Amino acid sequence: MGLRILGTGSALPARRVTNEELSGFLDTSDEWISQRTGIRARRVCTTETLDDLATQASRRALESAGVDASELGAVICTTTSPDHVMPAEASVVQGSIGASCPSFDLAAACAGFVFALDVADGIFARGRARRVLVVSAERCTRYLDWTDRATCVLFGDGAAAAVLGAEGEGLLSLRLSTQPDTGALDLPGIPGSSPFDKTVRGPQLFSMRGREIFKFGVTSIEREVRALAADAGMEVADIDHFVFHQANGRILDSAATRLGIDASRVVRTLAETGNLSSACIPHALDHLVRSGGLTAGQTVAIVGFGAGLSVGSCLIRWEEGAAGTGPALPHAAAKAPLT
Ligand code: COA
């Protein structure tokens, strides 16, 4: 499949909220959250908008790719928490970075980034563009129930982006699936004010069945990594890096154990961010790139999972000339607060 990641970038809001701070207004503790999830703190939007974060992450990805916004043939934003339902978040980003190409949003919850890679691959295959920007931007904290300790401690806000190029053979395998279950993770849409609406709705807040999602995450990661390796004619042990959805550190540990790989080979960014929904995967990938952890020729197995229940996974071979194989940008710059 002809696709190469040319550059990555991310942006987090300035405000850091620790577990201790949450325990000031919730019946919880740093000990419980750290031990059960591996999360110590998260970044929360205060004065920043999601437009700001998405634009900043996109600019950083373009800079690291050495691509000008005018070269983009499409901008795809994956989000379930946009600043606007209309226009698309992608259209706002497109205007801010100065691109003039089709732009649209894609909603596949936490698996969104991999779904967007598949869409970009199709755009390249049809010769519609040679450069596509995928930006995953989430302001999860806007829809959380801040009285529910079982959910609100898990999430944060952030954005991360990747500039994709049509040349290369960097995508070795990609798999998408959706197993219908609308109640396991649920966020109702805008209630509106239609005088004809007789449906009964609960509050417009996020809810989930946590234990089920935990098991779904672990089994999905194991199944997907084994399938990706088989598709590529490789052994799991031969894959160099593992970038999984950052929902819970214990999910990452259990998946690593089942796969028989050392947990240190699984990229782990959630301690300081919490779950960033679709932005988790590109943010973790950006972290890996900017920390100098990726070299040309290495392989990365990626698995995202979440509401739907959807799963997107892919195996990437990092190619010469992709971001990170040239001079690295300082990692701290990528995580610099927006303010
Ligand atoms: N602080 C303190 N106690 C908490 C708590 C918190 N923040 N959240 C839940 N608890 C309590 C529960 O009320 C329960 O108390 P009880 O035994 O008195 O009833 C106890 O801790 C155990 O709850 P349980 O839900 O069994 O804990 P868990 O070990 O399964 O961890 C999650 C809960 C949500 C952290 C875990 O199931 C998880 O991460 N699931 C996946 C969620 C996910 O990935 N969501 C997004 C997918 S995109």
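That block above? That's the structure.
Residues numbered from 1 in each chain as written. Predicted model: local features only at pLDDT ≥ 70, side-chain atom pairs only at ≥ 80, totals over all residues. Heavy atoms only, no water.

Caption draft 1: Spotlight on the overall build of the protein chain. Counting its secondary structure elements, the protein chain contains 11 helices and 13 strands. Taken against the 2.2 N^0.38 rule, which gives 20 Å for 339 residues, the C-alpha radius of gyration of the protein chain at 19 Å falls within 12% of a compact globule. Considered along the principal axes of its C-alpha atoms, the protein chain spans approximately 50 × 45 × 40 Å. The 339 residues of the protein chain split such that 55% are buried. (Helix = DSSP H or I, 4+ residues; strand = E, 2+ residues; numbered from the N terminus. Rg over C-alpha atoms; globule rule 2.2 N^0.38 Å. Buried < 20%, exposed > 50% of the residue type's maximum accessible area, 1.4 Å probe, protein only.)

Caption draft 2: Inspection of the packing of helix H3 (residues 50-65) against helix H4 (residues 89-97) at higher detail. Axis separation between H3 and H4 bottoms out at 9 Å; the angle between their running directions is 55°. By the criterion of interaxial angle, the relationship of H3 to H4 is oblique. As for how H3 packs across H4, the hand of that crossing is right-handed. The residues of H4 that touch H3, namely those facing Leu 50, Asp 51, Ala 54, Thr 55, Ser 58, Arg 59 and Leu 62, are Glu 89, Val 92, Val 93, Ser 96 and Ile 97. When its residues are assigned to classes, the contact of H3 with H4 shows six nonpolar, three polar and three charged. (Axes fitted to C-alpha atoms, helices over the stretch in contact; angles between N-to-C directions. Parallel < 35°, antiparallel > 145°, perpendicular 65-115°, else oblique. Left-handed = near helix turned anticlockwise from the far one by under 90°. Contact = heavy atoms within 4.5 Å. Nonpolar A, V, L, I, M, F, W, Y, C, P; charged D, E, K, R; others polar.)

Caption draft 3: Quick look at the site of the ligand. What surrounds the ligand is a group of 23 residues, the closest being Thr 28, Arg 36, Arg 149, Arg 211 and Asn 248. For the ligand, a nitrogen atom lies 2.9 Å from a polar atom in the backbone of Gly 210. The side chain of Arg 211 places a nitrogen or oxygen atom 2.7 Å from an oxygen atom of the ligand. When the ligand is considered free in solution it has 960 Å² of accessible area, and contact with the protein chains removes 75% of it. (Near = heavy atom within 4 Å. Polar contact = N/O pair within 3.5 Å; in protein donor to acceptor, adjacent residues only side chain to side chain. Areas by Shrake-Rupley, 256 points an atom, 1.4 Å probe, with all protein chains shown as cover.)

Caption draft 4: Structural context of the nonpolar core. If you look at the biggest cluster of nonpolar residues, it comprises 43 residues, and the most contacted ones within it are Ile 221, Val 225, Ile 239, Phe 242, Phe 244 and Phe 305. When contributions to this core are tallied by element, the ones reaching two or more residues are helix H7 (210-231), strand E11 (241-244), helix H8 (249-259), strand E12 (299-306) and strand E13 (308-317). The dominant element in this core, judged by the number of residues it contributes, is H7, at seven residues. Core analysis: the second largest hydrophobic core is formed by 36 residues, Ala 74, Leu 117, Val 132 and Cys 314 among them. (Core = buried A, V, L, I, M, F, W, Y, C linked by side-chain atoms within 4.5 Å.)

Caption draft 5: Spotlight on the environment of Val 300. Along the chain, the position of Val 300 falls in strand E12. For the pair Val 300 and Leu 133, spaced 167 residues apart in sequence, the C-alpha separation works out to 20 Å. Not counting residues up to four positions away in its chain, the partners in contact with Val 300 are Ile 239, His 241, Val 243, Leu 285, Leu 294, Cys 314, Leu 315 and Ile 316.

Caption draft 6: Representation of the sheet that holds strand E8 (residues 171-181) within the structure. Reading across the sheet, the four strands line up as E8-E13-E12-E11 and stay open at both edges, with mixed pairing between neighbours. Across the chains shown, the open sheet's two edge strands, defined by having one partner strand only, are E8 and E11. When the angles between neighbouring strand axes are averaged without regard to direction, this sheet yields 10°. Here E11 runs beside E12; their pairing, made up of four bridges, is parallel. Bridging across to E12, His 241 finds its partner in Val 300. (Pairing = 2+ DSSP bridges.)

Caption draft 7: Up close: the sheet that holds strand E1 (residues 4-11). Strand order in the open sheet formed by five strands is E1-E7-E6-E4-E5, and the pairing between neighbours is mixed. On the outer flanks of this sheet lie E1 and strand E5 (103-106), each paired with one strand and no other. Taken pair by pair, the neighbouring strands of this sheet meet at an average axis angle of 20°, ignoring direction. In this sheet, strand E6 (residues 131-139) lies alongside strand E4 (residues 74-78) in parallel orientation, the contact comprising five bridges. When the bridges of E6 are listed, Ala 74 appears paired with Val 132. On the sheet, H4 packs against E4, E5 and E6 and is oriented at approximately 140° with respect to E5. Along the sheet face, helix H5 (residues 112-125) touches E4, E5, E6 and strand E7 (157-165) and points at about 160° away from the line of E4.

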